[in-house]
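Listed below, chain by chain, are the residues.
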There are 4 protein chains.
Amino acid sequence: MAGNTFGKLFKLTTFGESHGAAIGGIIDGCPAGIKINLEKVQQDLNKRKPGQSAIVTQRKEPDTVEFYSGIFEGQTTGTPIGFVIKNANQKSKDYSHIKDTYRPSHADYTYDEKYGIRDYRGGGRSSARETASRVVGGAIAKQVIPNISFHAFTSSVGNISLDKNLETIDLNLIESNPVRCPDTAVAQRMEDYIKDIRSQGDTVGGTVQCVIKNVPKGLGEPVFDKLHAELGKAMLSINAVKGFEYGSGFEGTKMKGSEHNDLFNSDGSTTTNLSGGIQGGISNGMDIYFTVAFKPVATIMQKQPTINSQGLQVEMQGKGRHDPCVVPRAVPIVDAMAALVIADFYLQNKISKI
Amino acid sequence: MAGNTFGKLFKLTTFGESHGAAIGGIIDGCPAGIKINLEKVQQDLNKRKPGQSAIVTQRKEPDTVEFYSGIFEGQTTGTPIGFVIKNANQKSKDYSHIKDTYRPSHADYTYDEKYGIRDYRGGGRSSARETASRVVGGAIAKQVIPNISFHAFTSSVGNISLDKNLETIDLNLIESNPVRCPDTAVAQRMEDYIKDIRSQGDTVGGTVQCVIKNVPKGLGEPVFDKLHAELGKAMLSINAVKGFEYGSGFEGTKMKGSEHNDLFNSDGSTTTNLSGGIQGGISNGMDIYFTVAFKPVATIMQKQPTINSQGLQVEMQGKGRHDPCVVPRAVPIVDAMAALVIADFYLQNKISKI
Amino acid sequence: MAGNTFGKLFKLTTFGESHGAAIGGIIDGCPAGIKINLEKVQQDLNKRKPGQSAIVTQRKEPDTVEFYSGIFEGQTTGTPIGFVIKNANQKSKDYSHIKDTYRPSHADYTYDEKYGIRDYRGGGRSSARETASRVVGGAIAKQVIPNISFHAFTSSVGNISLDKNLETIDLNLIESNPVRCPDTAVAQRMEDYIKDIRSQGDTVGGTVQCVIKNVPKGLGEPVFDKLHAELGKAMLSINAVKGFEYGSGFEGTKMKGSEHNDLFNSDGSTTTNLSGGIQGGISNGMDIYFTVAFKPVATIMQKQPTINSQGLQVEMQGKGRHDPCVVPRAVPIVDAMAALVIADFYLQNKISKI
Amino acid sequence: MAGNTFGKLFKLTTFGESHGAAIGGIIDGCPAGIKINLEKVQQDLNKRKPGQSAIVTQRKEPDTVEFYSGIFEGQTTGTPIGFVIKNANQKSKDYSHIKDTYRPSHADYTYDEKYGIRDYRGGGRSSARETASRVVGGAIAKQVIPNISFHAFTSSVGNISLDKNLETIDLNLIESNPVRCPDTAVAQRMEDYIKDIRSQGDTVGGTVQCVIKNVPKGLGEPVFDKLHAELGKAMLSINAVKGFEYGSGFEGTKMKGSEHNDLFNSDGSTTTNLSGGIQGGISNGMDIYFTVAFKPVATIMQKQPTINSQGLQVEMQGKGRHDPCVVPRAVPIVDAMAALVIADFYLQNKISKI
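The model shown is predicted, which means the values in this text are computed figures rather than measured ones.

With respect to the nonpolar core
Turning to step 1, where the next piece is worked out: The biggest cluster of nonpolar side chains holds 349 residues, and the ones touching the most others in it are Phe290(A), Phe290(B), Phe290(C) and Phe290(D).
Turning to step 2, where the next piece is worked out: What Phe290(A) contacts, discounting residues up to four positions off in sequence, is Val208(A), Gln209(A), Cys210(A), Ile212(A), Leu231(A), Met235(A), Phe244(A), Glu245(A), Tyr246(A), Val334(A) and Ala338(A).

Structure representation (structure tokens):
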């Protein structure tokens, strides 16, 4: 297995299991001379952190990142940035019940089939805890491209969705509520629904939408490494993601070309933006936007029939501390992955023409 | 630009513009000793070929592939497989009108912004003609994994969709009609609609669904190179694609965990398959299925306002030979890209444990 | 096998066997807007071409390169550059005697062991004919970095060596004789020796030295991709190469630090250049120079005992048209590989700091 | 800079500066189910450790490696192996004199030119301290291929060389003396010479030879990733290396083909081994052997003229704790890098044919 590196020039490689000693990573390819604000890194981590509100998992992890290299006197030096997040709260006993039992719709079974061995504690490597390292990588990436801003938010929870045109959304409201939905009323309904779901011992899915503003023209590397293709891969690599669409997305398939084409203004901007800021796999300077689908968390606090490693039918019930809805904590992860993609293409584009 | 290679072990690198001398590619990493049926390669190409039916572009291209290396006495030798498809019918004059004019929602503008120069003839590198090389690569990939079968089909055109459960679809009907929809009645409605759209000088989008059968357990490389993440990237890299979902997809976001979880049978198979054959980014042996969204083709035979390279407003109308709906010809491309992904992961998985 | 790509940003992928239909390659990652002089490419190919003088193989190959993509109206477009060199003179009958017999110190045996099959005609993929594609790649690379010049030359043939200090060598003399040794008298001795060796049906080794002038400071990517490490890999990947040294090389191991250190002038240049233009894996602006060791060609026109694929002892004698000494034709290949390395690092260095 | 990863399938990525908080790395692509003996890892580290004998630097570093992931209940799990080595003894004050001054033949100047900033403490990333992470990677690699053994040793120090045929060397003697030369008498002369050199405040170079035994046939990926090309790159990437040769090496250039060819025995082995166990870039099952040239350490305890970052001439004298001869401590590094190369090709070869 060698799938733990993301990016071609700005590269993040991560390691770590949910209940090992630590998780962490190495960022290689970060240009030298970037001023790094370490507080901003920690702030992003805090948005992803368990225990931050009443509607997320209550696992207690300080998620404090330590940087070991690559930053000197407040600046990047061009050498690899190694970092570690210690696992503080490893309640391994919570997971002994899954040592030989495969949780439905989890990765337990497939990891065992693939590797013949798995660290079963808390899902091991398949745990979403791994995404904390991505948030660190994304937080550094953002500082490489400070003029570009990333605005992910919760766009639906179950059947409750924010049906608003992008232009009418006040992105400043995203962090105003624990759901991270930039509409106070809708956010409240989502929050209530999540609490209701949790009280049932159940979970629910949702979607995260993301807008990226101020992207320079020219990012993306056709034909295989189109900008939206890498964004899609980045999002689909996040735990629990089932779908990705950008611009007009699936709705656009129902349209006619005469309705769908974005007509040009004289300055190269377009009057509409059904292209989602990307044409031919390359950014055109308009806002990039896309939506990511998250399935309901597989671990529920209800009894379910399942099998163990001997293929025998057993019954199990989720224990431990889990999110009833993964979407609010997924918001900073979507931002982070988007930042990794854009920073990488930003660097790649430096040599498109010379 | 270095985005013209797909795959990590089974690697396809392509070259070629729509109206250059030829397109082609190199397949590197194909294991030795694979018996190659060259007719099957040509058959796949013929499914993608222009001029094959009344509802696709009437550009005439024989699309005959020539192999130059890597196959000896009917077998692969482990050395790179070089191939070329000559461009026979290069009506370059059809495209002189776009030399200095940017077609709306095309890649003309972004290529110029990125590279400062573009081969404007027929869209150059951004033309879907490039996908012929992908079909060749996919056709070889399929022969590396002969037990695995790929079944892409047209699942919707505009608002006309095949609303059938996967189990009830007769996949043998896919090639029974020019739309490649495995339901004769729905296919006829789609065909009529496409003809109607064409008579308007317009275009329409649609979706392609794909089922992959007999995938071994264990394919996919977490955490970044999850099986569905690479599938998603592969599909999103195809011209005109706007979205990708697998398994329960976007609909799954509305479900509860208690509804969504796939319960196990004793043999490790599952009673339902909302996971779409992939759990934790690794295949679990169930059918893999996904849906790909294609926007309407941007080139329409209607007058549109646009700008030229000086930023002046001009009016233009599509010329040349174009598809009113890209979906029927996209079907073999989706199959090809899926085969490239699966063959690559098949090889990668050979060393997951030793 | 997936070892047919060289470079990270400026990438050359090659295909082709000695006696297949064609050899060729794809250059991906060449920046847009580079003016390409196609005659210079052919000139480099002609230096490597068989039959160019009395002391090289008399195989007749025009080695005419055809470019299929990536160059438009005389300039690179940023898209992949596909090219093909047809194999004109495929005297396959010359090689039937090695179909089942392993030539000593050739790749016949190891290819069979690795792949279980091999194209035995003329050595197939293991033939040095493959290097023609490298020369094409290198010739394009040189035009990306026109200010940097490459000066490979024959520095020894057998025991006859050019024992001159680099500063005293007149690099303009390299092409003045068929041996490519920039000293007329020494070149004549080498030429006579090669003819003598050929008349014995034997072969001989030699060395090629290369000087690269006007390299900007800062090229090379520690810690693994040091400039000299990639140069070494590039050279060692050429057929028949057994060794590589740069700067003071093996002789430098006998020196003391006080003798070996290159002291600085005020402008950062150094009074001596035992470092060979590279310190800590990064170019320092001084001339880069290195030496490459080539073994004697394995195919000799004398009877040798060997084994066949059944392990039986048989006797064989070289047939066909071979070089008695590979070094004169290796000179343009060394230049080409050096240019590929430098162009790649030149592009990589564009993002060391931003 | 993104040159901190080595390997294609078995991949080591390292981070860390000489005087930062820690160095470390991530091994990605290690197959699951490998039993890991952690003591052997530490033993290899101890061979590289400073302060181990009277003839090496007296910097005190315990060099204790901590593994954070990827190993569970004594076995690899197929997930990335993250590890850290804390920097215990960071006498940063020793290095304040080089903050603005460029040490001759060091990387100070080139790092500043490339990155515009450098961690000057102890050479920062350019310090050979980084190689400790390579030793960890190599120690894990060896356990993936337990039947293959690596035997690097000191073959020369200055003009004192071990002029012995490989077959007559007793490899068991390597660790019998601090120089790591498998001949007691020669080792003693080398040791005396190193002490003499140190007393002069000077340094000296040398060579390391390495024999790899029991390598399976078929390793290496032509044409660019030939086995010896990657070995060469691996060795040249080690600090202070100036040259690499394998098999007959530079001496072989003086031979005739009739002398140099290795004739076959019936079992495919050869009567001689001038090929050094590699033919056409692929292992043939014979012993692989090669020699690596190390220049004298640049830091000497004598006064030298140099320049500072303003280009002014200054005088400097080495301080701190440095090796008078790098070769004895380079021996385990050569072994480690060789193991990384062989393990990687071992995995790659799993898919040469299927």
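Focus on the relation of the copies chain A and chain B
Turning to step 1, where the next piece is worked out: Screw-axis analysis of chain A against chain B gives a translation of 0.0 Å along the axis, an RMSD of 0.0 Å, and a rotation angle of 180°. One copy is carried onto the other by what is essentially a two-fold rotation axis.

Digging into the sheet that holds strand β1 (residues 5–6) of chain D
All names here are of chain D.
Turning to step 1, where the next piece is worked out: Read across the sheet, five strands follow the order β1-β2-β3-β7-β4 without closing on themselves; strand pairing throughout is antiparallel. Pairing within the sheet leaves two strands with one partner each, and these edge strands are β1 and β4 (65–67).
Turning to step 2, where the next piece is worked out: The sheet contact formed by β1 and strand β2 (residues 11–15) spans two bridges and is antiparallel. If you follow Thr5 over to β2, its bridge partner there is Thr13.

Let's talk about the interface of chain D and chain B
Turning to step 1, where the next piece is worked out: Taken residue by residue, the interface counts 12 residues in chain D and 12 residues in chain B.
Turning to step 2, where the next piece is worked out: In total, about 1,100 Å² of surface goes out of reach between chain D and chain B, with carbon and sulfur atoms giving 75% of it.
Turning to step 3, where the next piece is worked out: Contact with chain B buries area across many residues of chain D, yet Leu9(D), Ile351(D) and Ile354(D) alone supply 50% of it, more than any other trio.
Turning to step 4, where the next piece is worked out: Between chain D and chain B we count zero salt bridges in total.
Turning to step 5, where the next piece is worked out: Taken together, chain D and chain B are joined by two residue pairs in polar contact (both at pLDDT 80 or more).

Digging into the relation of the copies chain D and chain B
Turning to step 1, where the next piece is worked out: For these two chains of identical sequence, chain D goes onto chain B by a turn of 180° and a shift of 0.0 Å along the axis, with RMSD 0.0 Å.
Turning to step 2, where the next piece is worked out: Mapped onto chain B, 100% of the interface residues of chain D are again interface residues, and the two copies thus contact each other with one and the same surface.

Focus on the packing of helix α1 (residues 38–48) of chain B against helix α7 (residues 327–348) of chain B
Residue and element names in this part refer to chain B.
Turning to step 1, where the next piece is worked out: One way to put it is that α1 packs onto α7 with a least axis distance of 7 Å and a crossing angle of 150°. Comparing the axis directions of α1 and α7 gives the class roughly antiparallel. Residue-level contacts link Asp44, Lys47 and Arg48 of α1 to Arg329, Pro332 and Ile333 of α7.
Turning to step 2, where the next piece is worked out: Taken together, the residues that form the contact of α1 with α7 break down as two nonpolar, no polar and four charged.

What about the interface of chain A and chain B?
Interface extent is often summarised as the accessible area lost during association of the parts.
Turning to step 1, where the next piece is worked out: Listed per partner, the contact involves 107 residues of chain A and 107 residues of chain B.
Turning to step 2, where the next piece is worked out: Summing both partners gives a buried area of about 8,100 Å² for chain A against chain B, and 56% of it is carried by carbon and sulfur.
Turning to step 3, where the next piece is worked out: Sorting the residues of chain A by area buried against chain B places Lys114(A), Phe224(A) and Lys242(A) first, and these three jointly supply 11% of that buried surface.
Turning to step 4, where the next piece is worked out: Linking chain A with chain B are 67 residue pairs in polar contact (both at pLDDT 80 or more).
Turning to step 5, where the next piece is worked out: Bridge analysis of strand β12 (residues 241–246) of chain A against strand β12 (residues 241–246) of chain B gives three bridges, and the strand direction is antiparallel. Along β12(B), the bridge assignment pairs Glu245(A) with Gly243(B).

As for the pairing of strand β17 (residues 313–317) of chain D
All names here are of chain D.
Turning to step 1, where the next piece is worked out: Sheet analysis places strand β16 (residues 303–308) next to β17, joined by five bridges and oriented antiparallel. Bridging from a neighbouring strand, Lys303 pairs with Gln317 of β17.
Turning to step 2, where the next piece is worked out: Taking the residues that link successive antiparallel strands as the turn, the β16-β17 hairpin has four residues, and the phi of Gly311 there is positive, at about 85°.

Observations regarding the side chain of Thr154(B)
Residue and element names in this part refer to chain B.
Turning to step 1, where the next piece is worked out: Looking at the element boundaries, Thr154 is found in strand β9 (residues 149–157).
Turning to step 2, where the next piece is worked out: Taking relative accessible area as the criterion, Thr154 reaches 0% and is therefore assigned buried.
Turning to step 3, where the next piece is worked out: Among residues more than four places away in sequence, those in contact with Thr154 are Leu162, Val179, Arg180, Cys181, Pro182, Met190, Thr207, Val327, Pro328 and Val331.

Quick notes on the confidence of the model for chain A
Predicted coordinates in regions of low pLDDT should not be interpreted in detail.
Turning to step 1, where the next piece is worked out: In the predicted model, chain A carries a mean pLDDT of 95, and the fraction of residues at 70 or more is 98%.
Turning to step 2, where the next piece is worked out: With pTM at 0.98, the complex prediction returns an ipTM value of 0.97.

Quick notes on the environment of Phe15(D)
Residue and element names in this part refer to chain D.
Turning to step 1, where the next piece is worked out: Along the polypeptide, Phe15 turns up in strand β2.
Turning to step 2, where the next piece is worked out: A residue is classified by how much of its surface remains accessible, and Phe15, at 4% relative accessible area, is buried.
Turning to step 3, where the next piece is worked out: Once the C-alpha coordinates of Phe15 and Cys181 are considered, the two residues, 166 residues apart in sequence, prove to be 31 Å apart.

Thoughts on the packing of aromatic side chains
Turning to step 1, where the next piece is worked out: This model, assessed by the stated rule, comprises 38 aromatic pairs over all chains.
Turning to step 2, where the next piece is worked out: Aromatic side chains Tyr111(A) and Tyr115(A) sit 5.4 Å apart centroid to centroid with 55° between the ring planes, which places their arrangement in the tilted category. In this pair, Tyr111(A) and Tyr115(A) are both assigned in helix α2 (residues 108–115), four residues apart and thus about one turn of the helix distant. Accessibility classification places Tyr111(A) together with Tyr115(A) in one group, the buried group.
Turning to step 3, where the next piece is worked out: Three or more aromatic residues joined by ring pairs make a cluster, and in this case those are Tyr102(A), Tyr109(A) and Phe264(B).

Some remarks on the sheet that holds strand β1 (residues 5–6) of chain B
All names here are of chain B.
Turning to step 1, where the next piece is worked out: Here five strands make up an open sheet; going across it, the order is β1-β2-β3-β7-β4 and the pairing antiparallel. Unpaired on one side and paired on the other, β1 and β4 (65–67) mark the two borders of the sheet.
Turning to step 2, where the next piece is worked out: Judged from the three bridges that link them, β4 and strand β7 (residues 81–86) form a sheet pairing that is antiparallel. Looking at the pairing, Phe67 lines up with Phe83 of β7.
Turning to step 3, where the next piece is worked out: Each of β4 and β7 is contacted by α1, which is oriented at about 150° to β4, the strand it contacts most.

Concerning the pattern of salt bridges
Turning to step 1, where the next piece is worked out: Applying the stated rule across the entire model yields 80 salt bridges over all chains.
Turning to step 2, where the next piece is worked out: A salt bridge links Asp108(C) to Arg118(C), with the nearest nitrogen and oxygen atoms 3.6 Å apart. Within this pair, whereas Asp108(C) is found in helix α2 (residues 108–115), its partner Arg118(C) is found in the loop between α2 and α3 (131–144), the two being separated by 10 residues in sequence.
Turning to step 3, where the next piece is worked out: Note on Asp108(C): relative accessible area 3%, which makes it buried.
Turning to step 4, where the next piece is worked out: We note a salt bridge from Lys195(D) to Glu191(D), for which the minimum N-O separation is 3.3 Å.

Let's talk about the side chain of Asn284(B)
Turning to step 1, where the next piece is worked out: Relative to the assigned elements, Asn284(B) resides in the loop between β14 (282–283) and β15 (288–294).
Turning to step 2, where the next piece is worked out: Excluding its chain neighbours within four sequence positions, the residues that come into contact with Asn284(B) are Tyr109(A), Thr110(A), Lys217(B), Thr270(B), Gly277(B), Ile278(B) and Gln279(B).

Notes on the pairing of strand β3 (residues 22–28) of chain C
Here is the key point about a regular strand: its side chains alternate between the two faces of the sheet.
Residue and element names in this part refer to chain C.
Turning to step 1, where the next piece is worked out: Within β3, seven of the seven residues are buried, which leaves the element mostly enclosed by the surrounding structure.
Turning to step 2, where the next piece is worked out: The two faces of β3 match: Ala22, Gly24, Ile26 and Asp28 on one face and Ile23, Gly25 and Ile27 on the other face are all buried.
Turning to step 3, where the next piece is worked out: As judged from the five bridges shared by strand β2 (residues 11–15) and β3, these two strands associate in the antiparallel manner. The residue of β3 that forms the bridge with Thr14 is Gly25.
Turning to step 4, where the next piece is worked out: Between β2 and β3, which pair antiparallel in sequence order, lie six residues; one of them, Gly16, sits at a positive phi of approximately 120°.
Turning to step 5, where the next piece is worked out: Bridge count between β3 and strand β7 (residues 81–86): six bridges; the pairing is antiparallel. What sits directly across from Ile23, in β7, is Ile85.

Examining the environment of Gly205(D)
Residues and elements named next belong to chain D.
Turning to step 1, where the next piece is worked out: Its place among the elements puts Gly205 in the loop between α4 (184–199) and β11 (206–213).
Turning to step 2, where the next piece is worked out: Note on Gly205: relative accessible area 1%, which makes it buried.
Turning to step 3, where the next piece is worked out: Between the alpha carbons of Gly205 and Ala293 there is a distance of 7.9 Å; along the sequence they are 88 residues apart.

Things to note about helix α7 (residues 327–348) of chain D
Turning to step 1, where the next piece is worked out: Compared with the 32 Å implied by 1.5 Å per residue over 22 residues, the 31 Å span of α7(D) between its first and last C-alpha is a close match.
Turning to step 2, where the next piece is worked out: A large share of α7(D) lies buried, amounting to 21 of its 22 residues.

Considering the packing of helix α5 (residues 227–236) of chain A against helix α5 (residues 227–236) of chain B
Turning to step 1, where the next piece is worked out: Orientation of α5(A) relative to α5(B), taken along the N-to-C sense of each, is 160°, at an axis distance of 8 Å. As far as their axial angle goes, α5(B) and α5(A) are roughly antiparallel. In this structure, α5(A) crosses over α5(B), and the sense of that crossing is right-handed. Across the interface between the two elements, His228(A), Ala229(A), Glu230(A), Gly232(A), Lys233(A) and Leu236(A) from α5(A) touch His228(B), Ala229(B), Glu230(B), Gly232(B), Lys233(B) and Leu236(B) from α5(B).
Turning to step 2, where the next piece is worked out: For the contact of α5(A) with α5(B), the residue count by class is four nonpolar, four polar and four charged.

Reading the values: rules and limits
- Residues numbered from 1 in each chain as written.
- Chains lettered and ligands numbered in written order.
- Predicted model: local features only at pLDDT ≥ 70, side-chain atom pairs only at ≥ 80, totals over all residues.
- Heavy atoms only, no water.
- Core = buried A, V, L, I, M, F, W, Y, C linked by side-chain atoms within 4.5 Å.
- Buried < 20%, exposed > 50% of the residue type's maximum accessible area, 1.4 Å probe, protein only.
- Contact = heavy atoms within 4.5 Å.
- Least-squares fit on C-alpha atoms with pLDDT ≥ 70 in both.
- Pairing = 2+ DSSP bridges.
- Helix = DSSP H or I, 4+ residues; strand = E, 2+ residues; numbered from the N terminus.
- Buried area = accessible area lost by both parts, 1.4 Å probe.
- Salt bridge = Lys/Arg side-chain N within 4 Å of Asp/Glu carboxyl O.
- Polar contact = N/O pair within 3.5 Å; in protein donor to acceptor, adjacent residues only side chain to side chain.
- Axes fitted to C-alpha atoms, helices over the stretch in contact; angles between N-to-C directions.
- Parallel < 35°, antiparallel > 145°, perpendicular 65-115°, else oblique.
- Nonpolar A, V, L, I, M, F, W, Y, C, P; charged D, E, K, R; others polar.
- pLDDT = per-residue confidence, 0-100.
- Phe/Tyr/Trp six-rings, centres within 6.5 Å; stacked < 30°, edge-to-face > 60°.
- Expected span 1.5 Å × (residues − 1).
- Left-handed = near helix turned anticlockwise from the far one by under 90°.

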